[in-house]
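Inside the fold
Okay, here's what each chain looks like letter by letter:
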Amino acid sequence: MAMRSDDWQSSRAAGVNPAQFAILALLEGCPEGMGVKEIAAGVLVSQPSATDSIAALERKGLVEKRPDPADLRALRILCTPAGLDLVQVERGRPGTAERAADALEPDMQEQMLLALIAMIRQLQENGDIPIQRMCVSCRYFSPFAHADAANPHHCNFVDAAFVQKDLRIDCREHETADPSLRAATWSAFSKDHSHPPGQ
Ligand code: SF4
């Protein structure tokens, strides 16, 4: 309820409705744009609903349509600079749940992040939500690649080690790994991720 209330407040402040704000937030991390079908799957609405929301956002100057270079009969939807600004301003305001999470002890925050990652992955496996932009489904992710317990993971996109608490659940640079790599990554990650936080 707290997160839904945050969504309503963010969208009201932005002058859009929550479905439209969810589409803007999805497109913000996708500079090459997305097709209507992808957008509908990404925000879990029907294609006609996504089409209506996109039309409303276009009238407000927050998204634009461009021909898809890979298929000139298709269109891709992109955020305009005004749409990007709007999402970034709203994302800069910590929400109710974020403030509550910030108040937790670091170990508890890390355990919560791990549980959240496992739960999102399970929803993906069950086919209830599309693949999210998490490290554990990214082709650049190498879990527990380093013996250094402080920085065990490796991101091959930036070629750097990183700490468990910096595992991403919504990364712009994410590229979905193929199913066999995702399975191998999850196996390596889940085998070791029960290590006590910070060790
Ligand atoms: S590109 Fe992003 S999602 Fe992929 S491993 Fe690096 S930080 Fe994680």
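Residues numbered from 1 in each chain as written. Predicted model: local features only at pLDDT ≥ 70, side-chain atom pairs only at ≥ 80, totals over all residues. Heavy atoms only, no water.

The next point concerns the overall build of the protein. When you go through the protein residue by residue, the secondary structure sums to 8 helices and 5 strands. In the protein, the succession of α and β elements from N to C terminus is α-α-α-α-β-β-α-α-α-β-β-β-α. For 199 residues, the compact-globule formula gives about 16 Å, and the C-alpha radius of gyration of the protein, at 18 Å, lands near that figure. For the protein, the spread of C-alpha atoms along the three principal axes comes to 50 × 40 × 30 Å. (Helix = DSSP H or I, 4+ residues; strand = E, 2+ residues; numbered from the N terminus. Rg over C-alpha atoms; globule rule 2.2 N^0.38 Å.)

This part covers the pairing of strand β1 (residues 63-68). Pairing geometry for β1 and strand β2 (residues 71-79), over 6 bridges, is antiparallel. Counted as the bridge partner of Asp68 is Asp71 from β2. Between the end of β1 and the start of β2, which pair antiparallel, lie 2 residues. (Pairing = 2+ DSSP bridges.)

This brings us to the sheet that holds strand β3 (residues 141-142). Read across the sheet, 3 strands follow the order β3-β4-β5 without closing on themselves; strand pairing throughout is antiparallel. What marks the edges here is a single partner per strand, and that holds for β3 and β5 (160-162). When β3 meets strand β4 (residues 153-155), the two strands line up antiparallel, connected through 2 bridges. Across the sheet, residue Ser142 finds its bridge partner in β4, namely His154.

A word on the packing of aromatic side chains. Taken as a whole and assessed by the stated rule, the structure comprises 5 aromatic pairs. Members of the aromatic cluster, connected to one another through ring pairs, are Phe141, Phe144, Phe162, Trp186 and Phe189. (Phe/Tyr/Trp six-rings, centres within 6.5 Å; stacked < 30°, edge-to-face > 60°.)

This brings us to the site of the ligand. The full set of residues close to the ligand is Cys135, Cys138, Tyr140, Phe141, Cys155, Phe157, Arg168, Cys171 and Glu173. Class assignment of the residues belonging to the shell around the ligand gives a composition of 7 nonpolar, no polar and 2 charged. (Near = heavy atom within 4 Å. Nonpolar A, V, L, I, M, F, W, Y, C, P; charged D, E, K, R; others polar.)

Residue pairs spaced three or four apart in an α-helix point in one direction, given the helix's 3.6 residues per turn. Gly83, Leu86, Val87 and Glu90 are the residues of helix α5 (residues 81-91) that are buried. Take α5 and look down its axis: the buried residues cluster within an arc of 95 degrees, on one side only. Of the surrounding elements, those touching the buried residues of α5 are α1 (2-14), α2 (18-28) and β2. (Buried < 20%, exposed > 50% of the residue type's maximum accessible area, 1.4 Å probe, protein only. Arc of directions from axis to C-beta. Contact = heavy atoms within 4.5 Å.)

Nonpolar side chains in soluble globular proteins tend to be buried together. Membership of the largest hydrophobic core comes to 19 residues, with the highest contact counts inside it found for Ile23, Leu24, Leu27, Ile39, Leu57 and Val63. Listing elements by their share of this core, those giving two or more residues are α2, α4 (47-59), β2 and α5. Broken down by element, the residue count for this core peaks at 5 residues, all from α2. Those residues within four positions of Leu27 in sequence are excluded, and the remaining contacts are Met34, Ile39, Val63, Ile77, Leu78 and Cys79. One finds Phe162, Leu167, Trp186 and Phe189 within the second-largest nonpolar core, a separate group that totals 15 residues. (Core = buried A, V, L, I, M, F, W, Y, C linked by side-chain atoms within 4.5 Å.)

For the rest of this paragraph, the subject is the pattern of salt bridges. Following the criterion strictly, the structure yields 11 salt bridges and no others. In this structure, the salt-bridge partner of Glu64 is Arg66, at a minimum N-O distance of 3.0 Å. Arg139 is the salt-bridge partner of Glu175, the closest N and O atoms lying 2.9 Å from each other. Here the residue Glu175 occupies a position in the loop between β5 and α8 (179-192), and Arg139 occupies one in the loop between α7 (106-125) and β3, the gap between them amounting to 36 residues. Taking relative accessible area as the criterion, Arg139 reaches 43% and is therefore assigned partly exposed. Salt bridges here are not isolated pairs; linked through shared partners, they connect Glu38, Asp68 and Arg76. (Salt bridge = Lys/Arg side-chain N within 4 Å of Asp/Glu carboxyl O.)

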